[in-house]
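Next come the chains, spelled out residue by residue.
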Amino acid sequence: MAKKSSIAKNHRREKLVEKFAAKRAELKSILANPNSSDDEFFEAQRKLSKLPRNSARTRLRNRCAITGRPRAFIRRFGLSRLTFREMALDGRIPGVIKSSW
């Protein structure tokens, strides 16, 4: 089980990303637009740098929904490999069975 503080920190980041997503996308579109003037470009760049760092999508960490483990994350199920294996063997994940040949 991951530390509660690490899980909480990631949850706070998720909230910040959601809160600033629209503003960040708007500023990024100004930066990507080749027709924007130099003044608009530098103003958008300044505003973007003023936003909180944790509002960037890249600062999020994929974590297991049950244990909070940050490594070996299976995106399709939202679980770590260890939790996935336990649940699959117990039959608690629909459609997943142990293969044998």
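Here, residues in each chain are numbered from 1, in the same order as that chain's written sequence. Whole-chain, interface and lining totals are the exception, using all residues; otherwise, since this is a predicted model, local features are given only for residues with pLDDT of at least 70 and side-chain atom pairs are given and counted only at 80 or more. No hydrogens and no water enter the side-chain calculation; it runs on all heavy atoms of the structure.

## Some details on unusual backbone geometry
Despite not being glycine, Ala72 shows a phi value in the positive range, around 55°. Helical segments are the DSSP runs of H or I of at least four residues, strand segments are the runs of E of at least two, and each set is numbered from the N terminus. Counting through the fold element by element, Ala72 comes out in the loop between α2 (38–50) and β1 (73–74).

## Some points on the environment of Leu16
Examined against the element boundaries, Leu16 turns out to sit in helix α1 (residues 4–32). The class for Leu16 is partly exposed, based on a relative accessible area of 25%. When the C-alpha positions of Leu16 and Pro52 are compared, they lie 8.1 Å apart, and in sequence the two are 36 residues distant. Beyond its immediate sequence surroundings of up to four residues, Leu16 is in contact with Pro52, Asn54 and Ser55. Three exposure classes are used, based on accessible area relative to the maximum for each residue type with a 1.4 Å probe and protein chains only: buried under 20%, partly exposed in between, and exposed over 50%. What makes two residues a contact is simply this: any of their non-hydrogen atoms within 4.5 Å.

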